[in-house]
Structure formats: C-alpha cells, structure tokens
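Here is what each chain is made of, one letter per residue.
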Amino acid sequence: MVSTVTTLVLCVDRTNDVGHKTGLETPVVGWEAVRSLVVDVGLSDPEDSSVNSLLETLKVARELRDGDDDAVVAVVSGASDSMVGADRAVASQLDELIDEHDPDSAVVVIDSAEDERLVPIVESRLRVDSVDRVVVRQARDIESTYYLLKQFLADEELRQTVLVPIGLALLAFPALTIFTGVAEAMAIITAVIGVFLLYKGIGIDDALRRLATQARDSLYSGQVSVVTYVVAAGLTLVGVFAGALSVSEIASTRDAFLPAMTFAYDSILWLTMAALAASTGRLIDEVIGGESVRQSYLNLPFVVVGIGLVVRGFAGYFLERAGQVPPVTVPSIEAGAVSVEGFTLSLGNRLGAFVVGGVLVSLIGIRIATAIGGSAIEDGEAQPPSATESASARQDADDAGPKGDPES
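What counts, and where the lines are drawn
- Residues numbered from 1 in each chain as written.
- Predicted model: local features only at pLDDT ≥ 70, side-chain atom pairs only at ≥ 80, totals over all residues.
- Heavy atoms only, no water.
- Axes fitted to C-alpha atoms, helices over the stretch in contact; angles between N-to-C directions.
- Helix = DSSP H or I, 4+ residues; strand = E, 2+ residues; numbered from the N terminus.
- Parallel < 35°, antiparallel > 145°, perpendicular 65-115°, else oblique.
- Left-handed = near helix turned anticlockwise from the far one by under 90°.
- Contact = heavy atoms within 4.5 Å.
- Nonpolar A, V, L, I, M, F, W, Y, C, P; charged D, E, K, R; others polar.
- UniProt positions renumbered as here; feature names shortened; annotations may be inferred.
- Core = buried A, V, L, I, M, F, W, Y, C linked by side-chain atoms within 4.5 Å.
- Buried < 20%, exposed > 50% of the residue type's maximum accessible area, 1.4 Å probe, protein only.
- Pairing = 2+ DSSP bridges.
- Expected span 1.5 Å × (residues − 1).
- Bend = angle between axes of the 7 residues up to and from the residue.
- Phe/Tyr/Trp six-rings, centres within 6.5 Å; stacked < 30°, edge-to-face > 60°.
- Lys NZ or Arg CZ within 6 Å of the ring centre and 35° of its normal.

- You'll find the protein entered in an unreviewed UniProt entry as Putative membrane protein, with Natronoarchaeum philippinense given as the organism.

With respect to the packing of helix α8 (residues 156–179) against helix α9 (residues 182–202)
Item 1. At their nearest, the axes of α8 and α9 sit 9 Å apart, and the two run at 160° to each other. One finds that α8 runs roughly antiparallel with respect to α9. Once α8 is placed against α9, the crossing between them reads as right-handed. Packed against α8, whose contacting residues are Thr 161, Pro 165, Ala 169, Ala 172, Phe 173, Leu 176 and Thr 177, the element α9 presents Val 182, Ala 185, Met 186, Ile 188, Ile 189, Ile 193, Phe 196 and Lys 200 at the interface.
Item 2. Counted by class, the contact of α8 with α9 contains twelve nonpolar, two polar and one charged residues.

A short note on the UniProt feature "transmembrane region" (unreviewed entry) in the protein
Item 1. UniProt records the feature "transmembrane region" (unreviewed entry) for residues 162–179, 185–203, 224–247, 267–285, 297–319 and 351–369 in the present numbering.
Item 2. Between the first and last C-alpha atoms of residues 297–319 the distance is 34 Å; the span itself is 100% helix and 0% strand.
Item 3. Annotated as 100% helix and 0% strand, the span residues 351–369 places its first and last C-alpha atoms 27 Å apart.

With respect to the nonpolar core
Item 1. Among the nonpolar cores identified, the biggest contains 20 residues, and Leu 8, Leu 10, Val 12, Val 108 and Val 122 are the most heavily contacted of them.
Item 2. Of all the secondary structure elements, the ones that give two or more residues to this core are β1 (6–13), β3 (70–77), α4 (83–101), β4 (105–110) and α6 (119–123).
Item 3. With sequence-adjacent residues up to four places away left out, Val 122 is seen in contact with Leu 10, Leu 94, Ala 106, Val 108 and Val 128.
Item 4. Of all hydrophobic cores here, the second largest spans 19 residues; its members include Val 9, Val 18, Leu 37 and Val 107.

Remarks on the pairing of β1
Item 1. Summarising burial for β1: eight of the eight residues are buried, a large majority.
Item 2. Burial along β1 is two-sided: Thr 6, Leu 8, Leu 10 and Val 12 facing one way and Thr 7, Val 9, Cys 11 and Asp 13 facing the other are all buried.
Item 3. As judged from the eight bridges shared by β1 and β3, these two strands associate in the parallel manner. Paired with Leu 8 across the two strands is Val 72, which belongs to β3.
Item 4. With five bridges joining them, β1 and β4 adopt parallel strand pairing.

A few points about α8
Item 1. For α8, built from 24 residues, the straight-helix expectation of 34 Å at 1.5 Å per residue is met to within 8% by its first-to-last C-alpha distance of 34 Å.
Item 2. Considering bend angle alone, the principal kink of α8 is centred on Leu 163 and spans about 30°; proline Pro 165 follows within four residues of it.

Regarding the packing of aromatic side chains
Aromatic ring pairs are defined here through the distance separating the ring centres and the angle between the ring planes.
Item 1. Counted by the stated rule, this structure contains two aromatic pairs.
Item 2. Taken together, a centroid distance of 5.2 Å and an interplanar angle of 85° make the contact between Phe 257 and Phe 318 edge-to-face. You can see Phe 257 sitting in helix α12 (residues 257–288) and its partner Phe 318 sitting in helix α13 (residues 295–321), a full 61 residues away along the chain.
Item 3. Phe 318 gets classed as partly exposed once you look at its relative accessible area, which sits at 33%.
Item 4. Here Tyr 317 and Phe 318 contribute two aromatic rings whose centre-to-centre distance is 5.5 Å and whose plane-to-plane angle is 75°, an arrangement assigned as edge-to-face.
Item 5. Members of the aromatic cluster, each reached through a chain of ring pairs, are Phe 257, Tyr 317 and Phe 318.
Item 6. The ring of Tyr 265 has Arg 312 sitting right over it, with the charged end atom 3.7 Å from the ring centre.

So this is what it looks like as structure tokens:
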C-alpha cells in the first residue's frame, strides 16, 4: 500500500489585505473556504492581486490532488499594525496548521516582494518544495523591472561602477558649463566616461591590483627579481630614449621604415640587457628557493640574447644599405706566430654572422637547460629508497612467502 503525501498549499499575505477587505480572520483552511474567499476579495477589490494569488493556490492544490497527493489549502496573513507583529502572527497561524494537519511539505504562493519575506519563516518550520510567485500579466514588465532594480541597488559593486560615474558627470557638467561652453563640457565628460569604460572593460583595474599584490609579496619575501625588474625598467627607458633620439636626428622622410629600423638598431642592445636582467633575476629566485629550476627559466636568457642579435643584424643590414651606418670591419689580430689581417664584412656576411650568432646562442641555451634539467631528473630517479620503504618492501616479501605450488 502506497502512503499518501500531505502537502500544505499555503497562500501568505503579510500586509493582511485579505482581512482588511473581507473582515475575516485567518487562517482560512479548506478548498471551499478559500474558494468563497476568492469571491469575497474579488467583489471587494477586483484590481487586487490577492485574487490571482488565491486562484493560483487553488490551481496548485488541484494539480497536486490529480497527482494522488493529499493537498491542504490554507491562507495565512499578518494581522498586526507592525511588521514584527505581522510576522509573528503568520508564524503562530502556521504552527496551528502544522499541529492540526501534520503536513510533510509545503508549496508557498506569493504575489509580491513583501510576501516573499515570509518564506524563511515557513522554511524554519516545514520543508518548502516550491515557491510560486504570481505576477499579473498586465504588470509583468513593471514587476520584473522592480526586482531588477532591487537586485541592482543591493549590489555595492554595481552601484559604485554605474551610479558614482553618473553622479559625478551630473555634478561636473554645470561646473564645466560655467567656465567653458556646453559643447566643450559634453566633450570632456564623454571623454572621461569613455576612458572609465575602457578602464573597467579591459580589466586594467584588476591588472593593477594583481601587480600591486605581486610587488608587495615580492618585497616582503626578499626576492632578487624585485631589484632586477627595477633595473630592467631603467634599461628599457634608456633604450627607448636612445632609439627616439636617433630617430629625431634623421631627416624627415615620407617612409616610416627607415626611422623604425633606426629605432630598433639603437635601442635593441638596451632592451636586450633589460630582458636579460629581468630573466636572470627570476632565475636567481628559483635557484635560491631551493626548488627544481624549470628549463624555461634556464633557456630564457639565451633566447633573449639570440633575439637581440637577430634584430640587430637585420636592422643593421637595412641601415647599411641606406648608408646610415658604416660596414662592420674586423681589425687585424696577431697572437704569436698566428696573425689575421683585418677585413670588412659585406652586407650578406654581416647579416649571416648576426643570424648565425643568434641561432648558436639559442642552441647553447637549449643544450645547457636540457643538461641541467636532465641531471636533476636523473638524480631524482637514482635516489635510493629510504629505510622505511626498504623495511616495508621486505615485510611484503615475507608475507607473500615462496612462490610456486603450495604442495611442493
């Protein structure tokens, strides 16, 4: 035999509109009693949304009964002059219904945000399977807008992001209009709002917050990379200044290629040293930390130098063809009985020497990183087992006993 489930279909009315319009006391329990209550409320005020809430309560109860559930229909209201008294009145009526009908769960029907505040009171006494919010079709857009505005005003971050800029713009517009024209004030405010939207949209605030956190953690932990990063920033500024100074000395040309090559040729050495300082500091931090150094950190300084040589070679090739830099001349070398006469590299040889040098430096870095990383892995694999592991292995072997036929 299948036991039936008793469900309390509860219509809550915190402001006691039902009692004010009909003069009846709650709780009102039973299908016929609630059905009669619908007529009384409708005749008293046909525009009241409580009529729709009561009809929805009857509809839910009918659907539950069609599904072989024992549904009990009830209406409770807050008959009091204060909100605290109204909530206590609803709690008292709910306790009375639970003592009389002993329901297993409840379905709460509400028609406003004010009635929704009673849901926690019901949940504290009875399991709530569903909350049915009734919204009149003609007022659905207004009701939805109200809930959206309520949620928006409850979010502090959204208020600061949207309302504060709008308020500042409204305050700044009259002040700017006094000193400038209306068009200038609109242009300034529009530009400031555009910068703010880009600042928030791209996530610059999050990046700056993460950067500040990383810098603070690095300072407190005493990492060497903090100093090397500062050195790298200074070298970068020197490189940019050197490149810009060289570009300013070039006669004005309609082509931007030659100034770009000049900037790269004169700044790449400083930029390479900046990247080398930053990567070296990060590598030193890994070594001091005592952890296994990743191959990427070992290979990075060599890759930086290789890229610098290649960029310097290509930039010098184009500038030499344009007559901006002299060719590379190798001086004569004398070492005892061995002597090499000086010579001048041609354009192709100059480019090839820098490219080959960059590739060789990168290959050397890969070889060193692989050798150091491989030795670390081999050391980890060759590490002998501890005494505890050896004893455990011997114990397992003794427990297993001799292999073979047990009868032999």
